[in-house]
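# Structure assessment
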Amino acid sequence: MFAYTLDRNAAVSLNLYASADLAASDKVILYHYIWYKDLTNDDGKLIARCGAGVSLSLKASKLTAETKLNLPSLAASTQLGLTEVEYKLGTFGISGSAIDNAAPPAGLVGRFDANSYAALISAIDKVQAAGKATDATVKFTPKLVAIPSSTSSSATRNMLIQVSALRHIARGWTCSKSKAAITARDSDTDDLVDQFYRSYTRPLVCNAIGGGPRNSDKSKAKNELASYEISVN
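Before going into details, it helps to say that this report is about the structure given with it. Since the model is a prediction, treat every value here as computed from it, not as a measurement.

Here we come to the pattern of salt bridges. Side-chain pairing between opposite charges can occur once the charged atoms of the two side chains come close. Inspection of every chain in the model, using the stated rule, returns five salt bridges. A salt bridge links Asp113 to Arg111, with the shortest nitrogen-to-oxygen separation between them at 2.7 Å. On the basis of relative accessibility, which here comes to 49%, the residue Arg111 falls in the partly exposed class.

Among soluble globular proteins, nonpolar side chains are generally buried collectively. Counting 38 residues, the largest nonpolar core has Tyr4, Leu6, Leu16, Val28, Phe196 and Tyr197 as the members making the most contacts within it. Only strand 1 (2-6), helix 1 (8-13), strand 2 (27-40), strand 3 (46-61), strand 8 (143-145), helix 5 (152-171), helix 7 (187-200) and helix 8 (215-227) provide two or more residues apiece to this core. Top contributing element to this core by residue count: helix 5, with seven residues. With near-sequence residues (within four places) excluded, Val28 lies in contact with Tyr4, Thr5, Leu6, Ala11, Leu16, Tyr17, Leu22 and Leu58. Grouped together as the second largest cluster of nonpolar side chains are 26 residues, Ala52, Leu58, Val85 and Tyr87 included.

Below, the discussion takes up the packing of aromatic side chains. Counting across every chain of the model gives two aromatic pairs. Ring centres of Trp35 and Phe140 lie 5.4 Å apart, and the angle between their planes is 80 degrees; on these two criteria the pair is classed as edge-to-face. Placement of Trp35 in strand 2 and of Phe140 in strand 7 (residues 139-140) is noted, with a sequence separation of 105 residues between them. For Phe140, a relative accessible area of 36% gives the class partly exposed. Cation over ring: Arg171 sits above Trp173, and NZ or CZ is 4.9 Å from the ring centre.

As a further point, take helix 7. Residues spaced three or four apart along an α-helix point in a common direction, a consequence of the helix completing one turn every 3.6 residues. For helix 7, built from 14 residues, the straight-helix expectation of 20 Å at 1.5 Å per residue is met to within 8% by its first-to-last C-alpha distance of 20 Å. Within helix 7, the full set of buried residues consists of Thr189, Asp190, Leu192, Val193, Asp194, Gln195, Phe196, Tyr197 and Tyr200. Of the residues that open helix 7, the one with a side-chain oxygen 2.9 Å from the backbone nitrogen of Thr189 is Asp186.

A few words on the packing of helix 2 (residues 71-79) against helix 4 (residues 114-130). In contact at an axis separation of 8 Å, helix 2 and helix 4 are set at 145 degrees when each is read in the N-to-C sense. Of helix 4, the residues touching helix 2 (which contributes Leu71, Pro72, Ala75 and Gln79) are Ala114, Asn115 and Tyr117. For the contact of helix 2 with helix 4, the class distribution of residues is five nonpolar, two polar and no charged.

Procedures and definitions
Residues numbered from 1 in each chain as written. Predicted model: local features only at pLDDT ≥ 70, side-chain atom pairs only at ≥ 80, totals over all residues. Heavy atoms only, no water. Salt bridge = Lys/Arg side-chain N within 4 Å of Asp/Glu carboxyl O. Buried < 20%, exposed > 50% of the residue type's maximum accessible area, 1.4 Å probe, protein only. Core = buried A, V, L, I, M, F, W, Y, C linked by side-chain atoms within 4.5 Å. Helix = DSSP H or I, 4+ residues; strand = E, 2+ residues; numbered from the N terminus. Contact = heavy atoms within 4.5 Å. Phe/Tyr/Trp six-rings, centres within 6.5 Å; stacked < 30°, edge-to-face > 60°. Lys NZ or Arg CZ within 6 Å of the ring centre and 35° of its normal. Expected span 1.5 Å × (residues − 1). Polar contact = N/O pair within 3.5 Å; in protein donor to acceptor, adjacent residues only side chain to side chain. Axes fitted to C-alpha atoms, helices over the stretch in contact; angles between N-to-C directions. Nonpolar A, V, L, I, M, F, W, Y, C, P; charged D, E, K, R; others polar.

So, in structure tokens, the structure goes:
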């Protein structure tokens, strides 16, 4: 399981919530319960992670300085009326009749409290158990997921840069144009975009004569963005 604490801009950019649905003080916590595979370059450096599984996002409002941003604490705080927390549950990168039978309705939304916490964990356990089936009732189509780092702000930045680079590939932008468009650009963001382009398209794409993404690369990126319900623009 991976967890990401997102600010308002990050949650909107990832299409988790509409801007009008989030107050400036709201926090969004995204949990991924996934099967995943890490992709590395020739030097063994981690450059991307692909996965499939369950996505649980929480929108927390009326938080206090004492509120702990973990599942049990948020459930208890909501149960006591100290905070307001809404959840959204869904699956990504995994499908089939076994998953349909185990998973709650797509895009399930509700109030997150002690009762729903127990029900959600049970639902997630059922999906994970169904995902272990070895027959044709389960199909995996892994999606790009963020690589958590030592701080939540770094993880959020990493996630947003990967989404931006994916959008840029879908538009047919060159690697250099993508780097130049990144907010607060530095050597680390350049390195991340460079690695992402190379892994998603082809090894020489960021060279001086590498050119831009191929039509097949653009189509693949557009399809992946559509699967996340994220626009190209």
